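Notes for the structure review
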Amino acid sequence: MDKIVFKVNGEECKVACHVSPDETLLDYVRERLGLRGTKYMCREAGCGACIVSAKRSSQQPYAVNSCMIPILACHGLEITTIEGVGNKKKGYHKLQTTLAENNGTQCGYCSPGWVMSMYSLLQTKPDRTMLDIEQSLSSNVCRCTGYRPILQAFKKFAKDAPKTDDIIDIEDLSKCNISRTSCKENCSDDEDGWCVVHECDVDRGIALKLKDGRYWYRVGRIEDVFEVLKDKGDDSYMLVAGNTAKGAYPIEEYPRILIQINNILELKGYVMDQNLIIGAGSTLNEFRDICMKVSENEYFRYLRKFYDHLGKVAHVPVRNVGTIAGNLMLKHQHNWFASDIYLLLETVGAQVTIVRYKNVKQTVTMQQFLNQNMKGVIILNIMLPPLNDEYKLVTFKIMPRRLNAHAIINAGFLFQLSKFNIVRDARVVFGGLSPSFTRAYKTERYLLGKDLFTNETLQGTLKVLDDELVVEERLPELGVEYRRQTALALFYKALLILCPDFKIHPRYRSGAINLHDTRPVSQARQIYHTDPSMYPVNQPIPKIDALYQCAGEAFYSEDVPALPGECFAAFCLTTIGSGEIASIDTKKALSLHGVIAFYTAKDIPGINSFTPKGGIFPEKEEILCNGTVKFFSQPFGIIVAKTKHIAERAAKLVKVEYKNVRKPVIDIKEAMKDPNRVTVNSSITATDKGNDVYKVIKNVHTMFGQFHFTMEGIVCVVEEGLKVYMGTHFVDGAHIAISKALKIDQSRIDIYVRRVGGSYGLKITRGNQSAVACGLVALKLNRPCRFIQSLTDTTRSIGKRLTCTNDFEVGVNKNGVIQYMNYDMYHNFGCSVNENLLSGLVTDAFFNCYDKSRWNYNGYNVVTNLPKNTWFRAPGNLEGVSNAELIMEQISYELSLDPVEVRLNNLDREQYGDIENMYKRLKKDTDYNKRRMIVNKYNKANRWKKRGLRFSFSKWNSSPLGNFNVLLCVYQGDGTVVISHGAIEIGQGTNTKAAQVCAYSLKIPIEKIQVKGCDTTKGPNSDQAAASLASQNVAVGVQKCCKVLLERLESFRKEMVDATWEEIVKAAYLDGVDLQVECHVSVKDSEPYPYTVFAEVEIDVLTGESEILRVDILEDVGTSVSPEIDIGQIEGAFIMGVGYWTSERLTYADTGELLTNRTWNLHVPLCTDIPQDFRVYFKENSYSYAAIMGAKAVGEPPLCLAICVPLAIREAISEARSECGIPRNQWFPIDGPSSVDVIALSTATKKEQFKFH
């Protein structure tokens, strides 16, 4: 058979030798079938945007990451994409409508992936609980919503969800009914609904010689594998099952021979003799299900622990296709890999059966397996031993977030105990410490014959284990000190779990609790009031394009269908952080089949800058490095090829010789010492000084960078001509950049942006670089070009949130009132001070809401050898507000004062007096005093779990924003209205609010209004949609347009008293009235908005893990135009701040290379990392001014409020430190996020403190 045959949405598809192994199911459905509803971001199974449903005809559907599955591996599959679930032609699925109705979509780019994940979950198992649903959705990332509305929508389908009339029975979402038109099976007529096995389910071997010279085989027997290797050689081959390993260790180039083996029945299933024998080709979820089923056997009860631990491996779609053997081979090839499968098997003494040519089998231990030469060898099965009740098993996995992350450290402990708890046997296993150390043999021997649960045994064992541990440094993994301390803590924790309660002092029992395992179903509340008389303004409605987004029908820039003759471009990046380019060798790259061209700076006809000087750009930033390398991964060339994969591969083949290479300066603290790298940004002199100085406090604190992590990456499509489709929310800036770089009049360049799949500031200017490059290729070759910047290239070559170091000295009186403040703030701009990032932003924020009359402030710009840092949600404000809050917190610590009282004592009541009233309301409504007592009592009662509860205050000064054009058209045929504006819908609800204001102003149904995309013809010269004000500016413009239109229609309305809107419009048209209105708007809104928030957290002192128990946010949004959208903005911004302060740490090598550059090692919050109880309140009776319908900025301020989370964590840490004899009022440094390592090490816990009683 010479074809791969499968179905997509019921339609048969065939591929053969014309494809390559690089082509994935994702590529196929998007590029060949044109089904662009399936999205992508990371292409390594880390984001969930690409999820589709797959099944074999006789099996249940399951979710898969389409970016992982080679199209060649799809034989016999029936694929369902988002288009096949529901669409406007055949009707929308209840999942799609429910997600839309619950405002579970903002930018919308991730929404199809969420729907497909949930769809597949319910198809596989409809009777899921709310908790199960929450824990099963860690496969998907949403950077916009904060997850709450997504979970709210999907939990409606749980069997234990409160029943409502608008949700269909969950059984109806999955069962196969003969009458159901969506059923694709050939079903019999009997009541059982048996499905006929399709021909493609019967194994048939496939052998293909591919166009690139590689071979693809699909085999059904083990001996077939060896026959292929015998015939073609085993010098370069790969066995393919789930192909998920490339998410952990990317595959730069596939080997010569690829053999698909997941259809070999000998590698599937399980049998039981004395041992439990499981086929190594079983998927991880099949393994997990086997563990649950067999755990009912008394000798395999320990498999319940396996089941729980396996639930923490990767996520559901990866476990659906990844196999036991694949995971073990990953450990075999990469000894550093902290394989949870290996850990579990080694802990219980399992063995592996491997098979060689001619069916020669060998059974080896797990340790022996790691040392085996696996060339020409297949893992046949694993053998799990029976263990009686004398054996006690405990396993751990410590991750940077609750789920969907590889282990920082994992551990397994197995003890055989007598009835008197004497150790007869022990196995102590670790992962993530070093590539060579997995078993603590000395520790195991030391334990033999000892009573396991005495302080003497514990301390003696800890000393032996500490001496035996081999822990090695390996960036970007967390440091040696943390992993060593945690390894010891996990041993102690295991003993606390196993120890009888009567032997443990009550204060130590909390150490036995795995914090994340106690997480309940999350809950949330949104408390606000609306005015029905203003509807549809102030009415809670879904986004007007929400359903299109949830159905995958919303258009994004890279959704442009494949164009005839199009090519693909990729940047070539430097591999040093500072130096000069001596020469470039492109021979190897240009000789690669499919490569078309290579361009450097000399090929740019105009200015080599994507930020042409002027406006917000005081400096030029190079499109391509012209000789002097300013940072690691700086683009120096453009490679052009026939496909994306070829372009990316060729880009890495371009070799550069460097000269005058220098060590890059990347640390702001180092750069601050060089006066040539520091310039003054702004200075503000105090107008007052107090004399009542009781204490002087000094500190230096650094806030780190943050990557935007937009779900839609940096993409651009340019048609010859030049018609540009790109992701930007500063169209005018891109328009000018392309014009000046390509030396083409702006009037010859058209840019169109329908919507942007998330930005948070990144795409104001950073997308210009690839857009200019894409335009250059299209101009040079006179053919369409598509530029898709990979996630790793984006993270390494593009700037991020500014790093900030603050050096202050403050004198305070006994009540914490500031008498004087000397405050220096240094911002790391990267390689260039550009974009006027801090102009007016920090100077309005450095004091937050406190009396600034005694603050001397100096702001400095610092230049380093990093990519030029850029706009990021709440730029300048985050640093200013956060550092002011940290200063207030430190004052309260060092004076042993209530931190809220210190804040109130310094509050500028004249400007921000509302904050005190808001604090009092929140304190009362949330029962703060009672909760404070509970936290205090909890901390006193527990040694190894601590809680913190902290308030934070904030104010927000909106920045002036520039110009927008708004165009409103009324169609005379039916009275429908179209709005086009110069701002961009990036998920903040601008279009929905525009429609609401229009409907209110014209007194017409909102359904009659459409908001179109932005282009440079209808919306020229428009400034960036930023600073939370684009929606307000557009609303003003819409009101202006409506006012002009109504003036034109006024005479007709008076004459036609009872006429409908449609009749009035028709009459006006027939009378020659212009039904198109264009307005220009610029709004300057500088009114300060107050906010207050408090958070309650809990930490595990032994591991550093943390949970946010509850967050209450009270925000002044004025009179919200669209409350549900504003709620989503608040929650999303806050959770982005949670990530910044807890898990999103950027790690660099000394060379300047960013090491945390992809989803494998860059960890944004997921749906199980949000507060367990998340409550948002709107300030009552608030109004700004009529021009913007009384609304206030919403999207950015809540990010600043997230500082309350690290402050609460700090309190919990301080409580733990007090157990070590450290005074609670002693301040301790924490720079950057309060990640697990920072929390654990900051507690100052020592192994000598580990005891039972």
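Residues numbered from 1 in each chain as written. Predicted model: local features only at pLDDT ≥ 70, side-chain atom pairs only at ≥ 80, totals over all residues. Heavy atoms only, no water.

**Some thoughts on the overall build of the chain**
Selection criterion: The numbering of helices and of strands both runs from the N terminus, where a helix is a DSSP run of H or I of at least 4 residues and a strand a run of E of at least 2. The globule rule is 2.2 Å times the number of residues to the power 0.38, and the radius of gyration it is compared with is taken over C-alpha atoms. For the exposure calls, accessible area comes from a 1.4 Å probe over protein chains only, and a residue counts as buried if that area is under 20% of its type's maximum, exposed if over 50%, partly exposed in between. We call two residues contacting when some pair of their heavy atoms lies within 4.5 Å. Accessible surface is estimated by sampling points in the Shrake-Rupley manner with a 1.4 Å probe; for residues, cover comes only from the protein chains shown. Charge convention: Lys and Arg are scored as positive, Asp and Glu as negative, and His as well as the terminal groups of each chain are ignored. Taken as the charge location is NZ of Lys, CZ of Arg, CG of Asp or CD of Glu.
From N to C terminus, the chain includes 36 helices and 42 strands. Since a compact globule built from 1253 residues should have a radius of gyration of about 33 Å, the 31 Å found for the chain is in line with a globular shape. Across its three principal directions, the C-alpha atoms of the chain cover 90 × 80 × 70 Å. Per-residue burial for the chain yields a buried fraction of 66% across its 1253 residues. Counted over contacts in the chain with a minimum sequence separation of 6, partners at least 24 positions apart contribute 77%. Carbon and sulfur atoms provide 48% of the accessible area of the chain, an area that totals close to 44,000 Å². The positive charge centre, built from 150 side chains, and the negative charge centre, built from 145, are 3 Å apart in the chain.

**Comments concerning the pattern of salt bridges**
Once the charged atoms of two side chains with opposite charge are near each other, the side chains can pair. Here is the rule: When a carboxyl oxygen of Asp or Glu lies within 4 Å of a side-chain nitrogen of Lys or Arg, that pair is called a salt bridge.
Counted under the stated rule, the structure contains 79 salt bridges. In this structure, R143 engages E1144 in a salt bridge whose closest nitrogen and oxygen atoms are separated by 2.8 Å. Taken together, the positions of R143 in the loop between helix 5 (130–135) and helix 6 (148–154) and E1144 in the loop between helix 33 (1123–1142) and strand 42 (1173–1178) put the pair 1001 residues apart, joining distant regions of the chain. One exposure class covers both R143 and E1144, and it is buried. Measuring nitrogen to oxygen at the nearest pair gives 2.8 Å for the salt bridge that ties D1173 to R1175. Of the two residues, D1173 and R1175, both sit in the buried class.

**Points about the nonpolar core**
Selection criterion: Only buried Ala, Val, Leu, Ile, Met, Phe, Trp, Tyr and Cys residues count toward a nonpolar core, and they belong to the same one when joined by side-chain atoms within 4.5 Å.
Judged by nonpolar contacts, the single largest core of 207 residues is most densely connected at F154, F413, F430, W855 and F1134. Looking at this core element by element, the count peaks at ten residues for helix 16 (residues 480–498). When neighbours within four sequence positions are excluded, F430 is seen to be in contact with L343, I409, N410, A411, F413, F437, T438, L465, L469 and A487. Residues L968, A1035, L1075 and C1079 belong to the second largest nonpolar core, which totals 45 residues.

**A closer look at the packing of aromatic side chains**
Inclusion rule: Two rings belonging to Phe, Tyr or Trp (six-membered ring only in the last case) form a pair when the distance between their centres is within 6.5 Å. Interplanar angles under 30 degrees mark stacking, angles over 60 mark edge-to-face geometry, and anything in between is tilted. A positively charged side chain is recorded as over a ring if its NZ (Lys) or CZ (Arg) lies within 6 Å of the ring centre. The angle to the ring normal must also be within 35 degrees.
All told, the structure shown has 40 aromatic pairs when counted by the stated rule. Where Y302 meets F306, the ring centres are 5.6 Å apart and the plane angle is 75°; that geometry is what we call edge-to-face. Pairing Y508 with W944 gives two aromatic rings, centres 6.4 Å apart and planes at 35°, and the pair type is tilted. One end of the pair, Y508, is in the loop between helix 16 and strand 18 (523–527); the other, W944, is in the loop between helix 29 (928–941) and strand 34 (945–957), and 436 residues separate them in sequence. Per residue, the accessibility class of Y508 equals that of W944, and both read buried. These aromatic residues form a ring-pair network of at least three members: F396, F413, F415, F430 and F491. Sitting over the face of the ring of Y1140, R801 holds its NZ or CZ atom 5.5 Å from the ring centroid.

**Quick look at the packing of helix 33 against helix 35 (residues 1204–1218)**
The test is simple: Orientation is described by axes fitted as lines to C-alpha atoms, over the contacting stretch for helices, and by angles from 0 to 180 degrees between their N-to-C directions. Just so you know how the angles are binned, under 35 degrees is roughly parallel, over 145 roughly antiparallel, 65 to 115 roughly perpendicular, and the rest oblique. Classification used: nonpolar for Ala, Val, Leu, Ile, Met, Phe, Trp, Tyr, Cys and Pro, charged for Asp, Glu, Lys and Arg, polar for all others including Gly.
At their nearest, the axes of helix 33 and helix 35 sit 8 Å apart, and the two run at 45° to each other. Our classification of the angle between helix 33 and helix 35 gives oblique. For the pair helix 33 and helix 35, contact is made by F1134, V1138, W1141 and T1142 and by C1204, V1205, P1206 and I1209, respectively. Taken together, the residues of the contact of helix 33 with helix 35 break down into seven nonpolar, one polar and no charged.

**Some points on the environment of S759**
The residue S759 is located in the loop between strand 29 (750–753) and helix 22 (762–765) in this model. The sequence separation of S759 and G799 amounts to 40 residues, and the corresponding C-alpha distance is 13 Å. With near-sequence residues (within four places) excluded, S759 lies in contact with H708, T710, H729 and I764.

**A look at the environment of G376**
By the secondary structure assignment, G376 is in the loop between helix 13 (366–370) and strand 14 (378–384). Apart from residues no more than four positions distant in its own chain, G376 is found in contact with F226, L229, Y237, V355, R356 and Y357.

**Examining the confidence of the model for the chain**
Here is the rule: On a range of 0 to 100, pLDDT expresses the predictor's confidence in each residue.
For the chain, per-residue confidence averages 93 on the pLDDT scale, and residues scoring 70 or more make up 96% of the total. Note on residues 174–202: pLDDT is under 50 here. Beyond four places in sequence and across chains, it has 35 contacts.

**Remarks on the sheet that holds strand 27 (residues 715–719)**
The pairing of strands in a sheet comes from backbone hydrogen bonds and takes either a parallel or an antiparallel form. Put simply, the rule reads: Two strands form a pair only when DSSP identifies at least two bridges running between them.
If you walk across this open sheet you meet the eight strands as 21-23-19-30-27-28-29-38, and the pairing is mixed. Across the chains shown, the open sheet's two edge strands, defined by having one partner strand only, are strand 21 (595–599) and strand 38 (1014–1015). Packed on one face of the sheet, helix 19 (residues 644–651) meets strand 19 (567–573), strand 21, strand 23 (635–641) and strand 30 (785–788) and runs near 20° to strand 19. Most of the contacts of helix 23 (residues 767–781) go to strand 30, to which it runs at about 155°, and overall it touches strand 19, strand 21, strand 23, strand 27, strand 28 (723–726) and strand 30.

**Examining the side chain of N1161**
Basically, it comes down to this: A 3.5 Å cut-off defines polar contacts: any pair of N or O atoms within that distance qualifies, except that in protein one atom must be a possible hydrogen donor and the other a possible acceptor, and neighbouring residues in sequence count only when both atoms are side-chain atoms.
Summarising the element assignment, N1161 is placed in the loop between helix 33 and strand 42. Within the structure, the side chain of N1161 is placed 3.2 Å from the backbone oxygen of L1155, a separation counted as a polar contact. If sequence neighbours within four positions are ignored, N1161 has contacts with P476, L1155 and T1156.

**Quick notes on helix 19**
With respect to burial, helix 19 is a largely interior element, six of its eight residues being buried. Turning to helix 19, its buried residues are K644, I646, A647, R649, A650 and A651. Buried-residue contacts for helix 19 involve strand 19, helix 18 (587–591), strand 21, strand 23 and strand 30.

**Some thoughts on the sheet that holds strand 17 (residues 423–431)**
The antiparallel open sheet is built from three strands, whose spatial order is 15-16-17. Two strands lie at the open edges of the sheet, namely strand 15 (391–398) and strand 17, each paired on one side alone. Strand-to-strand, the axes of this sheet are offset by a mean angle of 5°, without reference to chain direction.

**Some thoughts on unusual backbone geometry**
A cis amide bond links L475 with the next residue in sequence, P476, at an omega value of 5°. Looking at the secondary structure, you find P476 in the loop between helix 15 (455–468) and helix 16. Note that the residue after G721, namely L722, is joined by a cis bond; omega there is 0°. Phi at A874 is positive, roughly 60°, even though this residue is not glycine.

**As for the pairing of strand 27**
Among the five residues in strand 27, four count as buried, and that is most of the element. Pairing between strand 27 and strand 30: four bridges, direction antiparallel. When the sheet's bridge partners are listed, V717 is paired in strand 30 with R786. The pairing of strand 27 with strand 28 spans four bridges and is antiparallel. Bridge assignment links C716 to a residue of strand 28, and that residue is M726. Here strand 27 folds back onto strand 28, and the loop between the two strands holds three residues, one of which, G721, carries a positive phi near 150°.

**Focus: the packing of helix 25 (residues 877–894) against helix 35**
Formally: Crossing handedness follows the turn of the near helix against the far one: under a right angle anticlockwise gives a left-handed crossing, and clockwise gives a right-handed one.
Their axes nearest at 11 Å, the elements helix 25 and helix 35 cross at an angle of 25°. It follows that helix 25 is roughly parallel to helix 35 by the angle criterion. Considering the relative orientation of helix 25 and helix 35, their crossing is right-handed. Contacts from E885, L886, E889 and Y893 of helix 25 reach helix 35 at L1207, R1210, E1211 and S1214. Split into classes, the residues belonging to the contact of helix 25 with helix 35 amount to three nonpolar, one polar and four charged.

**Points about the side chain of K946**
Relative to the helices and strands, K946 is located in strand 34. Look at K946 and you get buried, because its relative accessible area is 1%. A distance of 2.6 Å separates a polar side-chain atom of K946 from the backbone oxygen of N942. A polar contact is formed between the side chain of K946 and the side chain of E1219, at a distance of 2.7 Å. Not counting the four nearest positions on each side in its chain, K946 is found in contact with R507, Y938, N939, V1097, E1098, I1099, V1101, A1212, E1215, A1216 and E1219.

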